Structure formats: C-alpha cells, structure tokens
Amino acid sequence: MKRLNYSLFLAILFSFITINSINGASGNMKSHSPAKNDTKNLYSDKQLGYFEEKGEMVFRLFAPRAGKVALVIFNTTDDYPSKYTEHPLKKYDDGVWEVRLKETLYGKFYGYKVINPEDDPVKKDKVIILDPYAKAVATYNTYMNPRLGLIMPDSPHDWYGEKWIQRDWRDLIIYEMHIRDLTAHPSSGSSKPGTYHGLVEKGKRGGISYIKSLGVNTVELLPAQEFANIEIPYKDSLAGRYNTWNPYERNHWGYMTAAFFAPEAYYAEDWHHLRWNTWQGTDGRAVKHFMDMVNAFHQEGIGVIMDVVYNHLSEYEIGNLKEIDKEYYFRLNNDGSFKAESGCGNDLRTEAPMLRRLIVESVLFWMKEYNVDGFRFDLGKLLDWETIETIIREAKKVNPQVVFVCEPWGGGYDPAGFSLRGWGAWNDQIRNGIKGENPFNGHGWIFGKWYGNNSPQRIKSYVNGTLVKDSLGLFQKKEHSVNYLESHDGYTLGDFIRIATGYATGDTVITDVNSFVKLNSKQTKLNKLGALFLFTAQGMVMINSGQEYARSKVIPTEIEVHDTHKGRIDHNSYEKDNETNFLNFDHADINKDLLDYYRGLISIRNNYEAFRRADYENISFMKTDADPFTLGYKISHGNDIFVVLFNANPQKDHEFMLPDSAEYDVIADGSKAGTSALGQAKGTVKVPHTSGMILKKK
C-alpha cells in the first residue's frame, strides 16, 4: 500500500464499511420519520446544485427518502474532514432539500450529509457526500477518492467563432483519443505533458498539431468528466473487496465517473505523474482549461465528442449517489445488492425520473457551457429507451447537428434500436468481419478468412453502411454506422496483425520495443488493406489514436509495479498511466510509410464526397465470382466516378476488368494513397494479393 494519511483514510474507511450495518442509533444528526414507500418515482423540476438568487446562495439536493440533510462548508481542503460549518436543509414534498445562505462562499468547498431511515446516524454523520451537480471538484488522491465540491462563480469565456462545429454525420472522421496519452510521452515535445493545455499546444510533435496534420475532423475524448483515478490496494482488502487484478491500483481510461458536471482535474495539474495523498482540483482551473481545449480544437475546425458514462457510477469511493439514496438511483437485486451488468459494480437506474433528468441536464450542460459537439455513450444499452429518446430530443433543440453515438451493448445488443431512435452506434460487425474477432483463432476478411457469419454479401453490405435493407443489416441510415477496426479497448489493429501473423504471441516478452513496432512487409500490407476498406465504406469513420502507425501497447519492463505481464502486449490497458498507453511519436516515424498512407486515405475521403455521400443506387458491384475474397465496385457522386478494388486473397493476385473503356487515374494502391495520380489504368488492372486500389475516372 502507498503511504497514507492514515487518520483521514481510516475515518473514511470506517464510515464506508459500517454505513448500513447498524440502524436506530442516535447521533449528531437526528432523523425524521422514515420516508414513504412511494419515493422511487418522485420528480421535481426545481433547479438543483448551488446558484445565486435574490442575493442569496441557494443549495438544493434531491434525496427523497432522507430524514435529515445538512450542508457542510470547508474554508480550505486542509480543513477536511472535520473542520467545517454545518447548515441544515429543509425538505419539501417533491424530495428536494434546500438551504439559503446570505454569505459569499466563492472559493470555499462543500458537501452534504444525508441520513436515510436505514442508516446509523452516528456513523453516516462522518460521510461527506459530493453534490451530484458539482461543477468543479477537489479530490484527495487516496483510496476511496474523497471529494468536495468547489463553489465557483460563473465566468464568461472568450469563445472562438460559432458555438459548435456544425458537421454532417456522414462527413465525420473521428480520432478516438485519451487527453493525457497524446502528450505524456517525452517524444511529444510538449511543455505541459498530459494536460488539457498540453494537448492544444501548437507546433509540437504531438498533440493538436499532429492531429491536425492527419486530416481528421473530430476528436472523441475518452472520459473527461471527473472520475476515480485510484482503485483499491493490491493484494489487500478494502470495502469488502480483495484486489487480485490491478497491481497499479489506478484507473487511467476514466470509465468510473464521479461527477457528471465537472471536468477531470488531473489533466489541469502541472504534474508528470499522479500525486498520491495530495489534493487535486483545489483551484478549479480545470473548468477554464477544458474550455480552452475545446476552443483550440474549434479554431482548427475540429469537433469535440465526449465519451460519457451514465450507465454506472465510480465503484471504489465513498460519498456519492449511493450514500444519497441507493434505492432511488441504482438497480438492485432482490437481496438489496447492486446489479452489475456493466461489469463495474453498480448500475444506475436511468429510468428513475430524477436520474433521467440529471443525465439530460448533464449532456445539455456540456453543450451549453463547454461547446461540446457530441457524445459517445459507454454501454448504451444499459440506459432505458425513454432516457435515450429524451436525451437526443432535448439536445437537438439546442444544436440540431449534435452527434450521438454509443456502444450498442451492455444489458443486450441493439444497434438497430438505437438507429430507429436517430442514434449512431459502433459497428462491431464491420470490425469483426474485416479484421476479425481475436488474433488467435478469429481472423477476418483481410486475412482471407470468414469470421462468424461473414460472407461476400456481408462485406458488400459494409460498403453501403450496413443498412437494414441488406441482409443482416443494422442501420436505418448509413450515417448511423460508426465504422472502425480499432478502439481503446482490445488489441490495437497493429498488435492484432502482429499476433495473427505469428510475429508475436500473447506471452511473448518484448525487450526492444522500437524494433518490435517496425512493421514487416506482410504486416504493412494487412494494415493498409484494412485502412483502405475502412475509409471507402459509407458511414462515419473512427480510428483510434496511433492506429495510423500501427501503435503497439507493450507493457514496459522497467516499471516498479508487480505486474507479471511486463514486456507483453496489452489488450486491456485501462489501469496503466504509463508508456503502455502514451503515444510514442518515434514509433510514428518508424512506420511513417503507413502513417502517410492513412493521411492519403483521409485526404481522399475529405476531398471526394462519393465515399461519404453516394446514394445506395450509385454503388454497383462488379462480378468477381472466381475468388470470394476479391471485391470491386463502381461508385459515383456528382461528376465524380470511382472504381474501388480489393483483393484479400493472401496468396493470389487478381486481374479486374474495369467497368468501361475509359481511362482512370490510380489514386490509391497497395503502397500509396492520396489525391494525386499514381499512374493510369484502362481496360484491366492487376491487384496484388492483400491489397486494393482506388481509381478515379478521368
């Protein structure tokens, strides 16, 4: 275990493990009579959180079953957890508690105490609960992540241009990325590595200048709402859990949200590494820094999508919605334990009217206050349909072009259901069909294999956007399909190919990462074939950061962590705030040939609307019956006519007959891609094995 402030830690731990163990004791906060049994559907339209009204500071909290609620104010974080002023709140019939104070409280910190009928009021009195509507959060970096809200005045921001990037979904080329990973490695050249400001520092090898150079038009940020950076001690017990799985004791990706209205404070600190036993976020600068980041992307014409987690709450902490009202906010099993279809310990009851309201208001808050252009919902199927429908309906009133995409799984699988409601969804069918499901025995089309129920007909359906009008299609509109081959989760495409081609196994220990990442000829061809298919398919396109140079996630061998997988390729790097995840731009140089190929394909897609907006009727497939792993089609839009050819056969070259006698410019082949002609073709053209070609009619 890390060295702790044990008095603080033990006080929090003692409270946590005993909150629900004893009932009926008296204490500092006396409880009213038990709440009525009809509270699970209570609703109020009163403004929640804190705000100024008629010269008073108003604090409101929805806690429908509580018998007692108090506001606690700390002058500084040094006063936590015991030196505070306490103010009782008044309860109203709609479950909302309120207090009005005639004080100037800006710069101070706050939380709540909430006593429910089943609580031991003496023990629960020690638990300081974060306001669910807190707009800025200070966190003490230790186990159970104690937090306080920071009371800040609203401050205007000098925004650039229009409020949002208004872009047709069909035109989106999304770059999925982690804020810290883009500049944390020394090769990025950032003077503020791993931060909001470092990400948008211009003229550096990494960060915004690199992203702009790719030609992508949208970034999708891994979770950046305040989240639990720290999990539980390794090979030790805490809160009834014994950690055998996470020697890093960290969460890096951010899928453990703690505050739905506050930006992650870690990315605003001038730290090279997370500092244990230290408060972060005490000055609230993350609010402005997040705004600065969005502003900088907008200045470059790049939209910003936030990855958000509204299906579960941070599991490893004390003082959140669980302590406000477990029964109202969470889905519970018959024995009162939390349901965990998310795999993260505590699924939220999104069908609860006030939680639905919180989710909708959180989305609108990030749109209005931070000018965010869209959202990607983690495990979207865990949210109820009424909430899904309400979110997009209310958000489109604010920005008709706002982007909503999701993982269409978690508690089921229903991309078609999301499409019927106007949402986009990650298309795992194209991912598995083209790349494969796993690199060991689940290879896909680029390897000359059929994974699952894939076939030549299904590959054609992917070209058209995986539409319901085709067999086994998923989407009402092609712009609802988020086409991708790699995401933050699972093996990178580069590592998938390295393993699938026998260059490495899951157990290979890699000591020279620079040599390992360099692609051989076969790996290069496979990477390029996958990319060529991805960027010519109809629908949104998403690539993960580093995919463009076959990034490898190798766990460093020199780290001082008891990780038995050091030196191996990682496929689930959620806990690693280290070089496993950091983008190494030396590796981008090593595989510059592939990087340039991606840039060329992105340029083609940006310049020619046919690959984004062609009508279904204007895509006609050529007969290639001789080999099921060959595919050719003619595509037209406006005055442009293209022929796209693929040969996924791993051994045989294939000669295609072009659909007419016209002359074509070759703008992409198995080696290069771009808007300039690489050569000409007429009549027939030979496509080597494991490669493809784009030809533009003269």
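Residues numbered from 1 in each chain as written. Predicted model: local features only at pLDDT ≥ 70, side-chain atom pairs only at ≥ 80, totals over all residues. Heavy atoms only, no water.

A word on the overall build of the protein
- Along its length, the protein carries 17 helices and 30 strands.
- Here the C-alpha radius of gyration of the protein, 27 Å, is about what a compact globule of 698 residues would show, namely 26 Å.
- Projecting the C-alpha coordinates of the protein onto the three principal axes gives extents of approximately 90 × 50 × 50 Å.
- The proportion of buried residues among the 698 residues of the protein is 63%.
- Contacts spanning at least 24 positions in sequence make up 73% of the contacts within the protein whose residues lie at least 6 apart.
- Carbon and sulfur atoms make up 47% of the accessible area of the protein, which amounts to about 25,600 Å² in all. (Helix = DSSP H or I, 4+ residues; strand = E, 2+ residues; numbered from the N terminus. Rg over C-alpha atoms; globule rule 2.2 N^0.38 Å. Buried < 20%, exposed > 50% of the residue type's maximum accessible area, 1.4 Å probe, protein only. Contact = heavy atoms within 4.5 Å. Areas by Shrake-Rupley, 256 points an atom, 1.4 Å probe, with all protein chains shown as cover.)

Digging into helix α11 (residues 456–463)
- Every buried residue of α11 is accounted for by Arg-458, Ile-459, Ser-461, Tyr-462 and Val-463.
- Just downstream of α11 lies Gly-465, where phi reads positive at about 105 degrees.

Topic: the packing of helix α6 (residues 321–329) against helix α7 (residues 353–370)
- Following both chains from N to C, one finds α6 and α7 inclined at 120 degrees, their axes separated by 10 Å at the closest point. Taken together, the axes of α6 and α7 lie oblique to each other. From α6, Leu-321, Tyr-328 and Tyr-329 reach across to α7, where they touch Pro-353, Met-354 and Leu-355.
- Of the residues belonging to the contact of α6 with α7, the class tally is 6 nonpolar, no polar and no charged. (Axes fitted to C-alpha atoms, helices over the stretch in contact; angles between N-to-C directions. Parallel < 35°, antiparallel > 145°, perpendicular 65-115°, else oblique. Nonpolar A, V, L, I, M, F, W, Y, C, P; charged D, E, K, R; others polar.)

Focus: the sheet that holds strand β1 (residues 49–53)
- Spatial strand order, β1-β2-β6-β5: 4 strands in an open sheet with antiparallel pairing. Across the chains shown, the open sheet's two edge strands, defined by having one partner strand only, are β1 and β5 (90–91).
- Both strand β2 (residues 56–62) and strand β6 (residues 96–101) contribute to a ladder of 6 bridges, which runs antiparallel. What sits directly across from Met-57, in β6, is Leu-101. (Pairing = 2+ DSSP bridges.)

So, the pattern of salt bridges
- Inspection of every chain in the model, using the stated rule, returns 52 salt bridges.
- One salt bridge in this structure joins Arg-356 and Glu-386, with 3.4 Å as the shortest N-O distance. Taken together, the residues Arg-356 in helix α7 and Glu-386 in helix α8 (residues 385–398) connect sequence positions 30 residues apart.
- A relative accessible area of 11% places Arg-356 in the buried class.
- With relative accessibility at 47%, the residue Glu-386 sits in the partly exposed group.
- Connected through salt bridges with shared partners, the residues Glu-53, Glu-56, Arg-60, Glu-98 and Arg-100 form a single ionic network. (Salt bridge = Lys/Arg side-chain N within 4 Å of Asp/Glu carboxyl O.)

Topic: the nonpolar core
- If you look at the biggest cluster of nonpolar residues, it comprises 184 residues, and the most contacted ones within it are Phe-59, Tyr-175, Phe-375, Phe-377 and Phe-533.
- Per-element accounting of this core gives the leading share, 11 residues, to α7.
- The contact partners of Phe-59, leaving out residues within four places of it in the chain, are Gly-49, Tyr-50, Leu-71, Leu-89, Trp-97, Glu-98, Val-99, Leu-101, Leu-105, Tyr-110, Tyr-112 and Ile-151. (Core = buried A, V, L, I, M, F, W, Y, C linked by side-chain atoms within 4.5 Å.)

Here we look at helix α16 (residues 592–607)
- The terminal C-alpha atoms of α16 lie 22 Å apart, and with 16 residues this matches the ideal 22 Å at 1.5 Å per residue to within 8%.
- Among the residues making up α16, those that are buried are Leu-594, Leu-595, Tyr-597, Tyr-598, Gly-600, Leu-601, Ile-602, Ile-604 and Arg-605. (Expected span 1.5 Å × (residues − 1).)

Re the pairing of strand β17 (residues 403–406)
- Residues of β17 alternate between two faces, with Val-403 and Val-405 on one and Phe-404 and Cys-406 on the opposite face, all of them buried.
- Alignment of strand β16 (residues 374–377) against β17, held across 4 bridges, turns out to be parallel. Following the sheet pairing, Gly-374 is matched in β17 by Val-403.
- Tracing the backbone out of β16, into α8 and back to the parallel element β17 gives a crossover that is right-handed.
- As defined by bridge partners, β17 adjoins strand β18 (residues 424–427) across 2 bridges and the pair is classed as parallel. Bridging from a neighbouring strand, Cys-406 pairs with Ala-425 of β18.
- One crossover worth recording links β17 to the parallel β18 by way of helix α9 (residues 415–420), and it is right-handed. (Right-handed = clockwise from strand over helix to strand, strands pointing away.)

So, the sheet that holds strand β14 (residues 279–280)
- On the basis of which strands lie adjacent, the open sheet formed by 6 strands has the order β4-β3-β7-β9-β8-β14 and antiparallel pairing. Each edge of the sheet is formed by a strand with only one pairing partner; in this case those strands are β4 (85–88) and β14.
- Of the strand pairs in this sheet, strand β3 (residues 68–74) and β4 are connected by 4 bridges, and their pairing is antiparallel. Bridged to Leu-71 within β4 is His-87.

A word on the packing of aromatic side chains
- Under the defined criterion, the tally for this structure stands at 47 aromatic pairs.
- Summarising the aromatic geometry, the rings of Phe-74 and Tyr-84 are spaced 5.4 Å apart at their centres and angled 65 degrees between planes, so their arrangement reads as edge-to-face. One end of the pair, Phe-74, is in strand β3; the other, Tyr-84, is in the loop between β3 and β4, and 10 residues separate them in sequence.
- A residue is classified by how much of its surface remains accessible, and Phe-74, at 0% relative accessible area, is buried.
- Between Trp-445 and Phe-646, the ring centres sit 5.7 Å apart and the planes meet at 75 degrees, which makes this aromatic pair edge-to-face. Taken as a pair, Trp-445 in the loop between β20 (442–443) and α11 and Phe-646 in strand β25 (residues 640–647) lie far apart in primary sequence, 201 residues in all. The pair formed by Trp-445 and Phe-646 is uniform in burial state, with each residue classed as buried.
- Chaining the aromatic ring pairs together yields one cluster made of Tyr-133, Tyr-196, Phe-227, Phe-261, Tyr-266, Tyr-267, Trp-271, Phe-290, Phe-365, Trp-366 and Tyr-370.
- Looking at Lys-46, its charged tip hangs above the ring of Tyr-92, at a distance of 3.9 Å from the centre.
- Of note, Lys-135 hangs over the ring of Tyr-50, and the distance from its end group to the ring centre comes to 6.0 Å. (Phe/Tyr/Trp six-rings, centres within 6.5 Å; stacked < 30°, edge-to-face > 60°. Lys NZ or Arg CZ within 6 Å of the ring centre and 35° of its normal.)

Re the pairing of strand β30 (residues 691–697)
- Of all 7 residues in β30, 6 are buried; the element is thus mostly enclosed.
- The pairing of β25 with β30 spans 6 bridges and is classified as antiparallel. Within β30, the position partnered with Val-643 by the bridge is Leu-695.
- As defined by bridge partners, strand β27 (residues 663–668) adjoins β30 across 4 bridges and the pair is classed as antiparallel. Note on β30: the bridge partner recorded for Tyr-664 is Lys-697.

Brief notes about the side chain of Thr-466
- Mapped onto the fold, Thr-466 is located in the loop between α11 and β21 (481–483).
- A relative accessible area of 0% places Thr-466 in the buried class.

What about the packing of helix α5 (residues 285–299) against α7?
- Between α5 and α7, whose axes approach to 10 Å, the crossing angle comes to 75 degrees. In terms of axis orientation, α5 runs roughly perpendicular to α7. Contact with α5, carried on its side by Val-287, Phe-290, Met-291 and Val-294, involves Trp-366, Glu-369 and Tyr-370 of α7 and no other residues of that element.
- Tallied by class, residues from the contact of α5 with α7 come to 6 nonpolar, no polar and 1 charged.

Considering the side chain of Arg-551
- Structurally, Arg-551 can be placed in the loop between β22 (540–544) and α15 (585–590).
- Asp-181 provides the closest opposite charge to the buried, unpaired Arg-551, separated from it by 4.0 Å.
- Sequence-distant contacts of Arg-551, defined by excluding residues within four places in its chain, comprise Asp-181, Thr-492, Gly-494, Asp-495, Arg-498, Asn-544, Ser-545, Gly-546, Asn-581, Phe-582 and Leu-583. (Lys, Arg positive; Asp, Glu negative; His and termini not counted.)

These values are about where atoms sit, not about what they do.
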